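Report on the structure
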Amino acid sequence: MKQEQFYKLIFTGPPGAGKTTAISILSDVEVITTEAKMTNPDPNQPNKKTLTVGLDYGCIKLSNQEKIHLYGTPGQERFDFMWDIVSEGGIGLILLIDNARKAPLEDLRFFVKSKTFGEIMQKVPLVIGITRVDINSNLKLADYHQELQALGINPPVFEIDARSKEDVSLLVQALLYSLDPSLKVD
Ligand SMILES: Nc1nc2c(ncn2[C@@H]2O[C@H](COP(=O)(O)OP(=O)(O)OP(=O)(O)O)[C@@H](O)[C@H]2O)c(=O)[nH]1
Ligand SMILES: [Mg+2]
């Protein structure tokens, strides 16, 4: 009998970048989340009422009927003890950066240089999604490319809206393509 592959993709990025939103919009099954009420509203997103304290889990079907499991990390650094746990066994990494935060390029550097994700990026493909460009478009894709070049990596970068299934599927498809060009989201 054919052994079923365990495809696990990890979504990470700073608080409010859209990890939970992206996994929820994509998932074919009801998403498992660990949201807690925000006690101090984020000045960047005063309407954001919850934050992830553990992980997000969703799942999508591939056209070959296999599944990809989607795991989201908490964004807040105080929950960084979850990052290794959630990321264990991931075969690809999606980094979401919120273009409307105070210093998105610093966020980018932080994740690329972080112990957990820096090590993962050495081993598995990375795709970057820049979110909330409709709120703030000061930084352009070229700024991210320049920063990534300075960091010595050259992953695909897309501007996306984490609320759009089409946009998030594009990110996942780009990542799957770099893993195995025959893999397609259903
Ligand atoms: N205007 C706009 N809003 C967006 C976009 N992408 C995501 N959002 C919103 O931004 C918020 C993101 O919240 P979450 O999905 O909880 O973010 P998260 O990355 O899971 O946050 P933590 O779990 O706290 O790290 C949601 O309210 C989304 O609707 C975008 O491109 N434009
Ligand atoms: Mg979240």
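You'll find the structure just up there.
Residues numbered from 1 in each chain as written. Chains lettered and ligands numbered in written order. Predicted model: local features only at pLDDT ≥ 70, side-chain atom pairs only at ≥ 80, totals over all residues. Heavy atoms only, no water.

Quantified by volume, the largest pocket comes out at close to 560 Å³. Sorting the residues of the lining of the largest pocket by element identifies α1 (19–26) and β3 (50–52) as the ones contributing at least two each. Here the lining of the largest pocket is composed, by residue class, of 7 nonpolar, 12 polar and 10 charged. Volume-wise, the second largest pocket comes out at about 200 Å³. When residues in the lining of the second largest pocket are grouped by element, the largest group, 5 residues, is from helix α4 (residues 115–123). Each residue belonging to the lining of the second largest pocket can be placed in one class, and the counts come to 2 nonpolar, 4 polar and 5 charged. (1 Å grid on protein atoms, 1.4 Å probe; cavity = no way out; pocket = protein on both sides within 12 Å on 5 of 7 lines; lining within 4 Å. Points joined across faces, edges and corners; volume = space filled by probe spheres on them. Helix = DSSP H or I, 4+ residues; strand = E, 2+ residues; numbered from the N terminus. Nonpolar A, V, L, I, M, F, W, Y, C, P; charged D, E, K, R; others polar.)

On to the nonpolar core. Generally speaking, a soluble globular protein has its nonpolar side chains buried in company with each other. Formed by 23 residues in total, the largest nonpolar core has its most connected members in Phe11, Leu26, Ile68, Leu70, Ile94, Leu96 and Val172. Mapped onto this core, the elements with two or more residues apiece are β1 (7–12), α1, β5 (67–72), β6 (92–98) and α6 (165–179). If we skip the residues at most four places from it in the chain, Phe11 touches Lys19, Ala22, Ile23, Leu26, Leu70, Tyr71, Gly72, Thr73, Ile94, Leu96, Val168 and Val172. Grouped together as the second largest cluster of nonpolar side chains are 20 residues, Leu105, Val112, Val124 and Leu148 included. (Core = buried A, V, L, I, M, F, W, Y, C linked by side-chain atoms within 4.5 Å. Buried < 20%, exposed > 50% of the residue type's maximum accessible area, 1.4 Å probe, protein only. Contact = heavy atoms within 4.5 Å.)

So, about the site of ligand 1. As a structural note, the neighbourhood of ligand 1 is formed by 20 residues, with Lys19, Thr20, Thr21, Thr52 and Asp134 the closest of them. Interatomic distance of 3.2 Å between a side-chain N/O atom of Asp161 and an oxygen atom of ligand 1. The protein chains hide 87% of the 670 Å² of surface that ligand 1 would expose on its own. For ligand 1, the cavity whose grid points lie within 2 Å of the majority of its atoms is the largest pocket. Elements supplying a minimum of two residues to the shell around ligand 1: α1 and β3. Here the shell around ligand 1 gets 3 residues from one element, more than from any other, and that element is α1. Grouping the amino acids of the shell around ligand 1 by side-chain chemistry returns 7 nonpolar, 7 polar and 6 charged. (Near = heavy atom within 4 Å. Polar contact = N/O pair within 3.5 Å; in protein donor to acceptor, adjacent residues only side chain to side chain. Areas by Shrake-Rupley, 256 points an atom, 1.4 Å probe, with all protein chains shown as cover. Sits in = over half its atoms within 2 Å of the grid points.)

Here we take up the coordination of the magnesium ion (ligand 2). In ideal tetrahedral geometry, four donors around a metal make angles of 109.5 degrees, whereas ideal octahedral geometry with six donors gives angles of 90 or 180 degrees. Those protein atoms acting as donors to the magnesium ion (ligand 2) are Thr20 (OG1) and Thr52 (OG1), and they sit at 2.0 Å. Here Thr52 lies in strand β3 and Thr20 lies in helix α1, a separation of 32 residues in the sequence. For Thr20, a relative accessible area of 19% puts it in the buried group. (Donors = N, O, S within 2.8 Å, 3.2 Å for Na, K, Ca; no water.)

What sets the pattern is the α-helix's 3.6 residues per turn: residues three or four places apart point alike. Of the residues making up helix α3 (residues 104–113), those classed as buried are Pro104, Leu105, Asp107, Leu108, Phe111 and Val112. Within α3, the buried residues cover an arc of 155° as seen down the axis, which keeps them to one side. Away from the buried face of α3 by more than 90 degrees, exposed residues Glu106 and Lys113 are located. Contacts from the buried residues of α3 go to β1, α2 (81–87), β6, α4, β7 (126–131) and α5 (141–151). (Arc of directions from axis to C-beta.)

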